[in-house]
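Reading the structure
The chain contents come next:
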Amino acid sequence: MQSRDISITKSVTKPGVLGSIKSFQWRNYIVYLAFIGVFIYFSATLFDDGFLTSGNLLNIVRQTATISLMGLAMTFVISTGEIDLSVGSIAALSSLTGALALQSGFGLIGGLIAGVGTGLAIGLINGLLVTKAAIPSFLVTLGSMGAVKGMAMWITDTAPIPIINNHFNFIFGSGDIGPVPVLLLWVVVFTIIAHVLLRKTSFGRQTLATGGNENAAKFSGVKTARIKLMVFLGTGVMAGLAGLLYAGRMNAGRFSFGEGDELSVIAAVILGGTSLFGGVGTIIGTLVGALMIGTINNGLIIMGLDVSQQMMIKGLIIILAVLFGKKAIKK
């Protein structure tokens, strides 16, 4: 009788479909499931309002391109256990410096160097303050967010700088190659680069190691300070590029570009599965997180919700994202 009970127990506990379901890591796919759910909801409720039209769907892609690009770089920063709150302000200032360079006759290359160079310089300052002065990244980038935003308002006295260079506007935002927006091509190219960099290179492994356990990474020979400096340079460069994409799409540089983007970028990264506490990062998840936020924003606008209501919903999304990340760390 006892042996029969043992055999029954073995047959019940034998790995099978139920075991596979229990071992399935749902959190790793929650952003994909949530995105599908959000898309289906808006498709059903806003079908008569044109949500599913190709024009609106391409508009979502255009609206989320800058968030996606900054999110790719932010994934590396958060994976090291740091954060960068200055990306929106960098994008605004870079749009202005790029526009001013074009206005001064330096041409497309001059505008590119000015915009990306602005982001690179600010990223370098942020990185040095974090790594050399040992100031927490939250405080460093909170301060630089205000300083850079003030600089963007000051250098043009809050006036927009128009861009009449059609080649620049086409390449950096408003152009389409057939039915495909140029902005989508920017996102695809940099998503591939970032994914390979994080998953297939020693830099990516060292980035995750730095965020997972910085002391252990140091003992293993990882130059964690250099890694952190590099990731802040990366967010500066990508925020600078995002500023140029804003300028190209809107045919002008403005101090108001990127306002509030830091919240959307961080939400996209955390929703995508990157741990706010470092050590875990996913590029594809960040891209899907950005698309989900863009889809939600687009749906809420079509529904007629105002900016304040959209901000409240964004805040709730960030809280939920951090909650999921905290549960994953405990597990």
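Quick caveat: nothing in here was measured; it's all calculated off a predicted structure.

**A word on the layout of surface pockets**
The space that makes up the largest pocket amounts to roughly 780 Å³. Among the residues forming the lining of the largest pocket, the class breakdown is twelve nonpolar, ten polar and five charged.

**Some thoughts on unusual backbone geometry**
Of note in the backbone geometry, Asp157 takes a positive phi value of approximately 55° without being a glycine. Structurally, Asp157 can be placed in the loop between helix H7 (137-155) and strand E1 (161-162). If you check the backbone angles, Thr158 has positive phi at about 65° while not being a glycine. By the element assignment, Thr158 lies in the loop between H7 and E1.

**As for the nonpolar core**
Among the nonpolar cores identified, the biggest contains 70 residues, and Leu69, Met70 and Met74 are the most heavily contacted of them. Once you skip the residues sitting within four places of it in the chain, Met70 turns out to touch Val87, Ala91, Met238, Ala239, Ala242, Asp261 and Val265.

**With respect to helix H3 (residues 30-45)**
Helix length check: H3, at 16 residues, gives a terminal C-alpha distance of 22 Å against a target of 22 Å (1.5 Å per residue), a fit within 8%. Among all positions of H3, only Val31, Val38, Phe42 and Ser43 are buried. All buried residues of H3 project into a common sector of 130° when viewed along the axis, lining one side. Among the exposed residues of H3, those pointing more than 90 degrees away from its buried face are Ile40 and Ala44. Packing partners of the buried residues in H3 comprise helix H13 (261-271) and helix H14 (283-303).

**Thoughts on the pattern of salt bridges**
What the rule picks out here adds up to four salt bridges. Ionic pairing is found between Arg62 and Asp176, a salt bridge with its closest N-O pair at 3.1 Å. One end of the pair, Arg62, is in helix H4 (residues 54-79); the other, Asp176, is in strand E2 (residues 176-177), and 114 residues separate them in sequence. Of the residues examined, Arg62 reaches a relative accessible area of 21% and is grouped as partly exposed. Glu82 is the partner of Lys228 in a salt bridge, and the nearest nitrogen-oxygen pair spans 2.7 Å. Here Lys228 is found in helix H12 (residues 224-250), whereas its partner Glu82 is found in the loop between H4 and helix H5 (87-103), with 146 residues between them in sequence.

**A look at the confidence of the model for the protein chain**
When pLDDT is averaged across the protein chain, the result is 87; 88% of the residues are at 70 or more. Confidence over residues 1-15 falls short of pLDDT 50; this stretch has zero contacts with residues more than four positions distant or in other chains. Ignoring residues within four places in sequence, the model shows residues 17-21, a span with pLDDT below 50, making one contact including any to other chains.

**Here we look at the side chain of Thr191**
Position of Thr191 relative to the elements: it lies in helix H9 (residues 182-200). Classification of Thr191 as buried rests on a relative accessible area of 7%.

Criteria and cut-off values
- Counting starts from 1 at the beginning of each chain's written sequence and moves along it residue by residue.
- Given that the model is predicted, a residue must reach a pLDDT of at least 70 before its local features are reported, and side-chain atom pairs must reach 80 or more before they are shown or counted; all residues, however, enter totals for whole chains, interfaces and linings.
- Remark: hydrogens and water are excluded; side-chain values derive from all non-hydrogen atoms of the structure.
- The pocket and cavity definitions rest on a 1 Å grid over protein atoms only: a 1.4 Å probe that fits but cannot leave marks a cavity, an open set with protein on both sides within 12 Å along at least five of seven lines marks a pocket, and residues lining either have an atom within 4 Å of a point.
- Grid points are joined across faces, edges and corners, and a volume is the space filled by probe spheres set on the points.
- Residues were grouped as follows: Ala, Val, Leu, Ile, Met, Phe, Trp, Tyr, Cys and Pro as nonpolar; Asp, Glu, Lys and Arg as charged; and all remaining residues, including Gly, as polar.
- Per the convention used, a helix needs a DSSP run of H or I reaching at least four residues, while a strand needs a run of E reaching at least two, with both numbered from the N terminus.
- Working definition of a nonpolar core: buried Ala, Val, Leu, Ile, Met, Phe, Trp, Tyr and Cys residues. They are joined through side-chain atoms within 4.5 Å.
- For each residue, the accessible area found with a 1.4 Å probe, counting protein chains only, is set against the maximum for its type, and the residue is called buried under 20%, exposed over 50%, and partly exposed in between.
- Should any heavy atoms of two residues lie within 4.5 Å, those residues are counted as being in contact.
- Helix span, as expected, comes to 1.5 Å for every residue beyond the first.
- In this description, the arc belongs to the directions extending from the helix axis to the C-beta atoms.
- Note on definitions: salt bridges are taken to be side-chain nitrogens of Lys or Arg within 4 Å of carboxyl oxygens of Asp or Glu.
- As a per-residue measure, pLDDT tells how confident the predictor is, with possible values from 0 to 100.

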